[in-house]
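# A closer look at the structure
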Amino acid sequence: MPSNKPTLEDAHKKIKEELNKLIESHRIEHDVFYQALEEVLFSIAPLYLADEKYAKHNIIRRLANPDRIIKFKVEWMNDKNEIRVNTGYRVQFNNSLGPYKGGLRFHPSVNEGILKFLGFEQILKNALTGLPIGGGKGGSDFDPKGKSDFEVMKFCTSFMRELHKYIGPRMDVPAGDIGVGAREIGYLFAEYKRITTTFDGVLTGKPLFFGGSLGRTEATGYGVVYFTEAMLETEKKEGLEGKTCTVSGAGNVALYTIEKLYQQGAIPVTCTDSKGTIYDARGVDLEYLKDLKFNRRGSLEEYVSKHPEAIYIPVSEYPEGGHAVWNIETYAAFPCSTQNELTEIDAKNLIKNGCVSVTEGANMPSTPEAMETLLTNKVCFGPAKAANAGGVAVSNFEMSQNASMLKWTFEEVDAKLKTTMYDICQNIADTAKEYGVEGNYVDGANIAGFKKVADVMIAEGI
Ligand code: GLU
């Protein structure tokens, strides 16, 4: 007699129906938010199948909708005394586990869809850290590139004039992301303090001399490498020592990934920015890059004037549908630039060039097709929401230090970061095994993160 027990196929079908309903009733477009949602929902099918309570409590529908989206106008004046107008946002997605927590992104591409994708990912990422933080994200279509310090300050001041109404150390704690570093956080924090007359941990990633934590700047990049080491160890692959590695990006995450790779004896040979790629076969010159990108905010093109033996590949010479950085021989690849920067063509090139592991430093840098290709070819794959969680974990350590009025040493923070990254890896590897998808860290991360948040939502009722 055929069994009536639902199968994984049934669960996938039900989830597909849910997704379609979500698209219709909540007018979700086929954008990056849909991409992030689809990946998570398909991953959690085994959980959905194992326990009917998730369907009964309508968790998919409830988790896919942010608690609220705050949208506001930001008026500011440039150095020519011209009035400029941008749009500011804060997506407060889910606070089941703790105050909304997540970065602010200042980039011309910012819109509601991008912030919903980032906020949604942040819920599960923050859950995976095992720390009491919910998920949120915010930002603006303001472009700090090419702006003077004074203009950035004026923009940040105006942005905070509105944002301060919705944030607080127990309510919502923003931080940095693309286009928002210590400089921007400093200006934002100062304005919050002026308006509210309170000095509290309302933003993380603050400069060291006013409330910041040692190790926060390095945390995401260092964490990415710790996670990779944990993953390679778990999968019984050789470690990073002596291995050639490729990294994309040239911002905070990329440069501190490179720094930690050097510390672990690896040879990082690339980095990229929006205009091109540097390939320096002897290993990139990190001190030069830090000065170029953090102090002078210059273009990578300049690198070859100091290092003529290195190669600069402009975007116009990238392989069709792909990126030069992923077409170079490598043991481990670290996409640390932005969403969807690693395509199916790139994934195939990585495999062809002997790549054993890919760890996502940026948020969702691999397209679904790239991820599928890497997973089916048994490349170790560390998804962003697990691998880059070190940044937000140390943000939580900054909140703890601010709340207790204490200061931890760099060594204390770094040791806690390393333990956190190893714990995340262990948790998702165990979860993947428990739900029949051993070795799949994408499904492991999605199931572990989703379950943690969903169980609280169920316990709390509506
Ligand atoms: N923007 C970072 C992320 O994507 C950090 C968030 C935070 O520290 O709150 O996780």
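Read on for an overview of the structure. Bear in mind the structure is a predicted one, so any value in this text is a computation, not a measurement. (Residues numbered from 1 in each chain as written. Predicted model: local features only at pLDDT ≥ 70, side-chain atom pairs only at ≥ 80, totals over all residues. Heavy atoms only, no water.)

### Looking at the site of the ligand
Using the following cut-off: Here a residue is near a molecule or strand as soon as one of its heavy atoms is found within 4 Å of it. Think of a polar contact as two N or O atoms within 3.5 Å of one another; within protein, one of them needs to be a possible hydrogen donor and the other a possible acceptor, and neighboring residues in sequence only count if both atoms come from side chains. Only the protein chains shown count as covering a residue, and every accessible area follows the Shrake-Rupley method with a 1.4 Å probe.
Taken together, 14 residues form the shell around the ligand, and within it Lys101, Lys125, Gly176, Asp177 and Ser395 come nearest. Asn363 places a side-chain nitrogen or oxygen 3.2 Å from an oxygen atom of the ligand. Ser395 places a polar side-chain atom, nitrogen or oxygen, 2.5 Å from an oxygen atom of the ligand. Expressed as a share of its isolated accessible area of 300 Å², the protein-covered part of the ligand is 94%.

### Overview of a nonpolar patch on the surface
Stated precisely, the cut-off is as follows: Any residue with relative accessible area above 30% and no salt bridge may belong to a patch, with like charges joined within 9 Å and the nonpolar Val, Leu, Ile, Met, Phe, Trp and Tyr side chains within 5 Å. Whenever Lys or Arg places a side-chain nitrogen within 4 Å of a carboxyl oxygen from Asp or Glu, that contact is recorded as a salt bridge. Going along the chain from the N terminus, every DSSP run of H or I of four or more residues is numbered as a helix, and every run of E of two or more is numbered as a strand.
There is a patch of nonpolar side chains on the surface, built from Met77, Ile83 and Val85 and spanning about 290 Å² of accessible area. Inspection of the secondary structure assignment puts Ile83 in strand 2 (residues 83-94).

### Some words on empty space enclosed by the protein
Under the convention used in this document: The distinction between a cavity and a pocket rests on a 1 Å grid over the protein atoms alone: a 1.4 Å probe fits inside a cavity but cannot get out, while a pocket stays open yet meets protein on both sides within 12 Å along at least five of seven lines, and a residue with an atom within 4 Å of a point counts as lining. Grid points are joined across faces, edges and corners, and a volume is the space filled by probe spheres set on the points. Three residue categories are used. Nonpolar comprises Ala, Val, Leu, Ile, Met, Phe, Trp, Tyr, Cys and Pro, charged comprises Asp, Glu, Lys and Arg, and polar comprises the others, including Gly.
All chains considered together, the criterion is met by 2 cavities of 30 Å³ or more. Every residue along the wall of the largest cavity is listed here: Glu39, Glu121, Glu360, Met364, Met371, Pro383, Ala384 and Lys385. A class-by-class count of the residues in the lining of the largest cavity yields 4 nonpolar, no polar and 4 charged. Reported here for the second largest cavity is a volume of approximately 30 Å³. Along the walls of the second largest cavity sit Gly215, Tyr222, Phe410, Val413, Asp414 and Leu417, which together make up its complete lining. Element by element, the count of residues in the lining of the second largest cavity is highest for helix 17 (residues 410-434), at 4 residues. Its residues assigned to classes, the lining of the second largest cavity comprises 4 nonpolar, 1 polar and 1 charged.

### Description of the pairing of strand 4 (residues 135-140)
For the record, the criterion: Buried residues are those whose accessible area, probed at 1.4 Å on protein chains only, stays under 20% of the maximum for their type, while exposed residues exceed 50% and partly exposed ones sit between those limits. Any two strands with at least two DSSP bridges between them are considered paired. The handedness of a crossover follows from its direction of travel: if, with the strands pointing away from the viewer, the path from the first strand over the helix to the second runs clockwise, the crossover is right-handed.
Most of strand 4 sits out of view: 6 of its 6 residues are buried. Neither face of strand 4 is open: one carries Gly135, Lys137 and Gly139, the other Gly136, Gly138 and Ser140, and all of them are buried. Summarising the sheet, strand 3 (residues 100-106) and strand 4 pair through 3 bridges and their orientation is parallel. Bridging from a neighbouring strand, Leu104 pairs with Gly138 of strand 4. Taking the sense of rotation as the criterion, the β-α-β connection linking strand 3, helix 6 (residues 112-128) and strand 4 turns out right-handed.

### Comments concerning the environment of Tyr435
Let me state the cut-off plainly: Should any heavy atoms of two residues lie within 4.5 Å, those residues are counted as being in contact.
Inspection of the secondary structure puts Tyr435 in the loop between helix 17 and helix 18 (441-460). Residue classification places Tyr435 among the buried positions, given a relative accessible area of 16%. Tyr435 sits 230 residues away from Gly205 along the chain, and the two C-alpha atoms are 36 Å apart. Not counting chain neighbours up to four residues away, the residues in contact with Tyr435 comprise Pro46, Leu47, Ala50, Ile447 and Lys451.

### So, the layout of surface pockets
Estimates place the volume of the second largest pocket at around 710 Å³. Residue lining of the second largest pocket: 29 residues in total, with Glu372, Leu375, Asn440, Val442 and Asp443 positioned closest to the centre. Those elements giving two or more residues to the lining of the second largest pocket turn out to be helix 1 (8-25), helix 2 (32-43), helix 14 (368-376), strand 13 (380-382) and helix 18. Tallied by class, residues from the lining of the second largest pocket come to 13 nonpolar, 8 polar and 8 charged.

### Observations concerning the sheet that holds strand 8 (residues 270-272)
Stated formally: All axes are obtained by fitting lines to C-alpha atoms, using only the stretch in contact for helices, and the reported angles, taken between N-to-C directions, cover 0 to 180 degrees.
In spatial order, the strands read 8-9-10; together these 3 strands make up an open sheet with antiparallel pairing. Edge positions in the open sheet fall to strand 8 and strand 10 (311-314), since each of these has one partner strand only. Here the strands of the sheet are splayed against their neighbours by 15° on average, with no regard to which way each runs. Where strand 9 (residues 276-279) and strand 10 come together, 4 bridges link them in antiparallel fashion. Bridge pairing in strand 10 places Thr277 opposite Ile313.

### A closer look at the nonpolar core
Where we set the bar: Within this scheme, the nonpolar core is defined by two criteria: the residues are buried Ala, Val, Leu, Ile, Met, Phe, Trp, Tyr or Cys, and they are joined through side-chain atoms within 4.5 Å.
One finds Phe227, Leu240, Leu261, Leu300, Phe334 and Ile428 to be the most contacted residues of the largest nonpolar core, which totals 58 residues. Considering each element in turn, this core owes the most residues, 9 residues, to helix 9 (residues 216-234). Those residues in contact with Phe227 that sit more than four places away from it in its chain are Thr359, Gly382, Ala386, Ala387, Met421, Ile424, Cys425, Ile428 and Tyr441.

### A look at the packing of aromatic side chains
Counted only if it meets this: Aromatic rings from Phe, Tyr and Trp, with only the six-membered ring used for Trp, were paired whenever their centres fell within 6.5 Å, and each pair was classed as stacked if the ring planes differed by under 30 degrees, edge-to-face if by over 60, and tilted otherwise. By the criterion adopted, a ring carries a charge over it if an Arg CZ or a Lys NZ lies within 6 Å of its centre and within 35 degrees of its normal.
Tallied over the full model, the rule gives 19 aromatic pairs. When the centroid spacing of 6.1 Å and the interplanar angle of 15° are considered together, the rings of Tyr256 and Phe294 count as stacked. You can see Tyr256 sitting in helix 10 (residues 252-263) and its partner Phe294 sitting in helix 11 (residues 286-295), a full 38 residues away along the chain. Relative accessible area serves as the criterion here: at 30%, Phe294 is assigned to the partly exposed category. Taken together, the ring pairs connect Phe72, Trp76, Phe106, Phe142, Phe155 and Phe159 into an aromatic cluster. Above the ring of Tyr222, the side-chain terminus of Lys260 is found at 4.4 Å from the ring centroid. Directly above the ring of Trp408 sits Lys416, whose terminal nitrogen or CZ lies 4.7 Å from the centroid.

### Some words on unusual backbone geometry
For Asn81, which is not a glycine, the phi torsion comes out positive at approximately 65°. Looking at the element boundaries, Asn81 is found in the loop between strand 1 (68-77) and strand 2. Residues other than glycine seldom take positive phi values, yet Met364 does so here, at roughly 50°. For Met364, the position within the fold is in the loop between strand 12 (357-359) and helix 14. Note on Met364: relative accessible area 4%, which makes it buried.

### Quick look at the pattern of salt bridges
Within this structure, the stated rule accounts for 26 salt bridges. Lys385 is the salt-bridge partner of Glu39, the closest N and O atoms lying 3.3 Å from each other. One end of the pair, Glu39, is in helix 2; the other, Lys385, is in helix 15 (residues 384-387), and 346 residues separate them in sequence. In terms of burial, Glu39 and Lys385 fall into one category: buried. Of the charged contacts, one joins Asp285 and Lys306 as a salt bridge, the two residues approaching to 3.5 Å between their closest N and O atoms. In this pair, Asp285 is assigned in the loop between strand 9 and helix 11 and Lys306 in helix 12 (residues 303-306), connecting sequence segments 21 residues apart. The class of Lys306 is partly exposed, set by a relative accessible area of 48%.

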